[in-house]
Amino acid sequence: QARLEESGGGSVLPGESLRLSCAASGVNFSPQVMAWYRQVPGKQREFVAGFYNRANVKYEDSVKGRFTISGDNVKNAVYLQMNSLTPEDTAVYYCKFIYPYGDIWGQGTQVTVSS
C-alpha cells in the first residue's frame, strides 16, 4: 500500500532552521509533483512549496527566500529546508505526491517556532 512518511519536525527558536523529509513507500512510479502544505488549527491547509523538477519549483509568497524544496525522483523523496523560521511558520506540515491517478498525503509533522 502506498504511503508517505514525513520526518524532521520539531520545536525551534525564531531564526533557527529545520529540514523536513518525506519518503514514499509502496509505489513504483515517480510522482508528477511533490509538494509541501501546512495547516494550523481552525484554518485551511495551505500550499507551501511544490517541486515539479529541478528547473521548476514554486513557493508560497511568505516563504520565498527562506524555504527551499528539493526532490529526488529516484528515491521518491522530497525535502524542505526551512531557514529563518518565525512563529508564523508554526503548523503541521504535510507532504503530498501527485500522480495521474490520484494524490497521496503524509500524516504530517509538527513544526513549532517559539521563543
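In case you missed it, the structure is sitting above this.
All figures in this text were calculated on a predicted structure; none of them were measured in a lab.

Enquirer: How would you sum up the side chain of R38? Please name residues and give values.
Expert: With respect to the helices and strands, R38 occurs in strand 4 (residues 33-39). One polar contact links R38 to Y93, side chain to side chain, over a distance of 2.9 Å.

Enquirer: I'd like to hear about the packing of aromatic side chains, residue by residue, with values.
Expert: Tallied over the full model, the rule gives four aromatic pairs. Members of the aromatic cluster, joined through ring pairs, are Y37, F47, Y94 and W105. Directly above the ring of Y94 sits R45, whose terminal nitrogen or CZ lies 3.6 Å from the centroid. Looking at K58, its charged tip hangs above the ring of Y52, at a distance of 5.7 Å from the centre.

Enquirer: Describe the sheet that holds strand 1 (residues 3-7), naming the residues involved and giving the relevant values.
Expert: Here four strands make up an open sheet; going across it, the order is 1-3-8-7 and the pairing antiparallel. Since the sheet does not close on itself, it has two edges, and those belong to strand 1 and strand 7 (67-72), each with one partner. Sheet twist, expressed as the average angle between the axes of neighbouring strands with direction ignored, equals 15°. Where strand 1 lies against strand 3 (residues 18-25), five bridges are found, and the strand directions are antiparallel. Residue pairing in the sheet places E6 in a bridge with C22 of strand 3.

Enquirer: Can you tell me about the state of the cysteines, naming the residues and giving the values?
Expert: Here the structure, examined in full by the defined rule, presents one disulfide. Each sulfur of the disulfide joining C22 and C95 lies 2.0 Å from the other. Every disulfide takes its handedness from the sign of the S-S torsion; for C22 and C95 that torsion is 60°, giving right-handed. Within this pair, whereas C22 is found in strand 3, its partner C95 is found in strand 9 (residues 91-99), the two being separated by 73 residues in sequence. Residue C95 is classed as buried on the basis of its relative accessible area of 0%.

Rules and cut-offs
Residues numbered from 1 in each chain as written. Predicted model: local features only at pLDDT ≥ 70, side-chain atom pairs only at ≥ 80, totals over all residues. Heavy atoms only, no water. Helix = DSSP H or I, 4+ residues; strand = E, 2+ residues; numbered from the N terminus. Polar contact = N/O pair within 3.5 Å; in protein donor to acceptor, adjacent residues only side chain to side chain. Phe/Tyr/Trp six-rings, centres within 6.5 Å; stacked < 30°, edge-to-face > 60°. Lys NZ or Arg CZ within 6 Å of the ring centre and 35° of its normal. Pairing = 2+ DSSP bridges. Axes fitted to C-alpha atoms, helices over the stretch in contact; angles between N-to-C directions. Disulfide = S-S within 2.5 Å. Buried < 20%, exposed > 50% of the residue type's maximum accessible area, 1.4 Å probe, protein only.

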